[in-house]
Amino acid sequence: MMGLYSGVPIMNLLDIHKELNTEEKCLTFLEHMRWPEGVKCVACESLRISRITAKGKLNKKTGKRSPDRKLYQCNDCRFQFTATTGTVYHDTHLPLTHWFLAIALITESKKGISANQLKRALGVNYRTAWYLAHRIRKAMVEANPPKLTGVVELDETYIGGKQKGRQNRLKNKEVVMGIRERGGDLRLIHIEDNSTNSLWAQIKQNVDPNVKQVMTDEWHAYPPALKGAKIPASKHSTIRHKDKIYVQGEVHTNTVESAFSLFKRGLTGAFHKVSLKHLQRYLNEFSFRFNNRKAADLFGMTVRRMALAGNLPYAKLIEENAFTPFVRK
Ligand SMILES: [Zn+2]
């Protein structure tokens, strides 16, 4: 039997349809994801908790009573709460069944899912679907990711516009930097341009100076950017793409390039037109799925991260530059 709490992870959409099809089941699941070591008071962190049932309120006009609610009550500070209190799940009017289905759809689709697809799958309006998707993406961002080490490939790719190549870059092209540790994690970062300064800032933040080797192509901004990030030239290998050389022994940037092409296929497939101010969010979603492709319980992990992540107001979400790692002039 499929056990939700016996350590067997929920792994596919069918399981979620079967096992998380009522609000009560979802609340129990959320409880286990949020407090794996036992329910903790959200006000005073006490572990001395009682489970109580609050009788539904009587509506005097209609004479109807709202359904009874299962609550936790803290034995120390008497605070009453539920598994959603203080989380992103709480202040929407959407049932948890919808939230969980949306999380399952987003974590399971390899290329991502558009707000329109989500809207149809959940039977909600477009704005709700769009907002849900963005909140879920926010939970997919790792707050303080470790620096990449070992053999690291660096490259950039260009999104939008029609012109190809670096030198003739048009104003309407967006630069995405890819950093990938071979056999490890991928980072995709929307950067302002392909200048030394822009590359340096990301190398400094994402690559461990004790890295074994860094692989790039011959773009002239890399040597000074690496130097600025305290990575010695002896650790820098260059592949000469201009001369149509793509692999020379261990020297290549193929693993980061394959991630770029997978991301671009997703862009044309699922999203059609990604709003540029949200590009970084799509990059985050993609990297999260990519980096956790072997994780057995991506769904449970995301449900948990959502419970621990802060809220994201709609006004903040639609701000220009709200998520772009740089401010466009
Ligand atoms: Zn308490």
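Presented here is an overview of the structure given in this document.

## Focus on the overall build of the protein
Next, step 1: Secondary structure summary: the protein contains 11 helices and 8 strands in total.
Next, step 2: Out of the 329 residues belonging to the protein, those deemed buried represent 47%.
Next, step 3: Nonlocal contacts in the protein, meaning residues at least 24 apart in sequence, comprise 61% of its contacts between residues at least 6 apart.
Next, step 4: With the model as given, the accessible surface of the protein reaches about 17700 Å², and the carbon-plus-sulfur share is 53%.

## Here we look at the packing of aromatic side chains
Next, step 1: Within this structure, the stated rule accounts for 11 aromatic pairs.
Next, step 2: Geometrically, the ring pair formed by Trp35 and Tyr72 is edge-to-face, given 5.7 Å between the ring centres and 90° between the ring planes. Placement of Trp35 in the loop between helix H2 (23–34) and strand E1 (49–54) and of Tyr72 in strand E2 (residues 69–74) is noted, with a sequence separation of 37 residues between them. Considered together, Trp35 and Tyr72 belong to a single accessibility category, that of buried residues.

## A look at the nonpolar core
Looking at soluble globular proteins, one finds that nonpolar side chains tend to be buried together.
Next, step 1: Counting residues in hydrophobic clusters, the biggest one holds 41 residues, and the most contacted among them are Tyr89, Trp99, Phe100, Leu118, Phe299 and Val303.
Next, step 2: Elements with a minimum of two residues in this core: H2, E2, helix H3 (96–108), helix H4 (115–122), helix H5 (126–139) and helix H10 (298–308).
Next, step 3: A per-element tally of this core places H3 first, with 9 residues.
Next, step 4: Beyond its immediate sequence surroundings of up to four residues, Phe100 is in contact with Leu20, Cys26, Phe29, Leu30, Tyr89, Phe299 and Val303.
Next, step 5: Membership of the second largest hydrophobic core comes to 21 residues, among which are Leu154, Met177, Val214 and Leu226.

## Structural notes on unusual backbone geometry
Next, step 1: Of note, the phi angle at Glu45 is positive, near 70°, even though the residue is not glycine.
Next, step 2: Structurally, Glu45 is set in the loop between H2 and E1.
Next, step 3: Glu45 sits in the exposed class, given a relative accessible area of 56%.
Next, step 4: Unusually for a residue other than glycine, Lys230 sits at a positive phi of about 65°.
Next, step 5: The residue Lys230 is located in the loop between helix H7 (222–228) and strand E8 (236–239) in this model.

## Regarding the coordination of the zinc ion
Next, step 1: Coordination of the zinc ion by the protein comes from Cys41 (SG), Cys44 (SG), Cys74 (SG) and Cys77 (SG), over a distance range of 2.3 Å.
Next, step 2: Taken together, the 4 donor atoms coordinating the zinc ion and their angles of 106 to 115° define a geometry best described as tetrahedral.
Next, step 3: Ordering the donors of the zinc ion by residue number gives the pattern C-x2-C-x29-C-x2-C. Taken together, the positions of Cys44 in the loop between H2 and E1 and Cys74 in strand E2 put the pair 30 residues apart, joining distant regions of the chain.

## Brief notes about the sheet that holds E8
Next, step 1: The sheet built from 5 strands is open, its strands ordered E6-E5-E4-E7-E8 with mixed pairing. Only two strands of the sheet have a single partner each, and these edge strands are strand E6 (186–191) and E8. Strand after strand, the sheet turns through a mean of 25° between neighbouring axes, direction not considered.
Next, step 2: Sheet topology note: the strand E4 (residues 151–159)/strand E5 (residues 174–181) ladder contains 8 bridges and is antiparallel. Bridge assignment links Thr157 to a residue of E5, and that residue is Val176.
Next, step 3: Sheet strands touched by helix H6 (residues 196–206): E4, E5 and E6. Its angle to E6, the strand with the most contacts, is close to 150°.
Next, step 4: Helix-sheet contacts for helix H9 (residues 279–291) involve E5 and E6, and the interaxial angle to E6 is about 175°.

## A look at the packing of H3 against H4
Next, step 1: Following both chains from N to C, one finds H3 and H4 inclined at 135°, their axes separated by 11 Å at the closest point. With respect to their mutual orientation, H3 and H4 come out oblique. Two packed elements cross with a definite hand, and for H3 against H4 that hand is right-handed. Residues His98, Leu101, Ala102, Leu105 and Ile106 of H3 pack against Leu118, Ala121 and Leu122 of H4.
Next, step 2: Across the contact of H3 with H4, the residue classes tally to 7 nonpolar, 1 polar and no charged.

## Observations concerning the sheet that holds E2
Next, step 1: Spatial ordering of the open sheet is given by E1-E2-E3, a layout of 3 strands whose pairing is antiparallel. The outermost strands of the open sheet, each flanked by one partner alone, are E1 and strand E3 (80–81).
Next, step 2: Where E1 lies against E2, 6 bridges are found, and the strand directions are antiparallel. Bridge pairing in E2 places Ser50 opposite Gln73.

## As for the pattern of salt bridges
It is possible for side chains of opposite charge to pair when their charged atoms get near one another.
Next, step 1: The tally for this structure, following the rule as stated, stands at 7 salt bridges.
Next, step 2: The partner of Asp68 in a salt bridge is Lys55, with the nearest N and O atoms 3.9 Å apart. One end of the pair, Asp68, is in the loop between E1 and E2; the other, Lys55, is in the loop between E1 and E2, with 13 residues separating them in the sequence.
Next, step 3: Among the salt bridges present, the one from Glu153 reaches Arg182, with a minimum N-O distance of 2.7 Å. Of the two residues, Glu153 is situated in strand E4 and Arg182 in the loop between E5 and E6; the sequence distance between them amounts to 29 residues.
Next, step 4: Since its relative accessible area comes to 0%, Glu153 is described here as buried.
Next, step 5: Salt bridges here are not isolated pairs; linked through shared partners, they connect Glu153, Arg182 and Glu250.

Calculation notes
Residues numbered from 1 in each chain as written. Predicted model: local features only at pLDDT ≥ 70, side-chain atom pairs only at ≥ 80, totals over all residues. Heavy atoms only, no water. Helix = DSSP H or I, 4+ residues; strand = E, 2+ residues; numbered from the N terminus. Buried < 20%, exposed > 50% of the residue type's maximum accessible area, 1.4 Å probe, protein only. Contact = heavy atoms within 4.5 Å. Areas by Shrake-Rupley, 256 points an atom, 1.4 Å probe, with all protein chains shown as cover. Phe/Tyr/Trp six-rings, centres within 6.5 Å; stacked < 30°, edge-to-face > 60°. Core = buried A, V, L, I, M, F, W, Y, C linked by side-chain atoms within 4.5 Å. Donors = N, O, S within 2.8 Å, 3.2 Å for Na, K, Ca; no water. Tetrahedral: all angles 85-135°; square planar, octahedral: opposite > 155°, others 65-115°. Pairing = 2+ DSSP bridges. Axes fitted to C-alpha atoms, helices over the stretch in contact; angles between N-to-C directions. Parallel < 35°, antiparallel > 145°, perpendicular 65-115°, else oblique. Left-handed = near helix turned anticlockwise from the far one by under 90°. Nonpolar A, V, L, I, M, F, W, Y, C, P; charged D, E, K, R; others polar. Salt bridge = Lys/Arg side-chain N within 4 Å of Asp/Glu carboxyl O.

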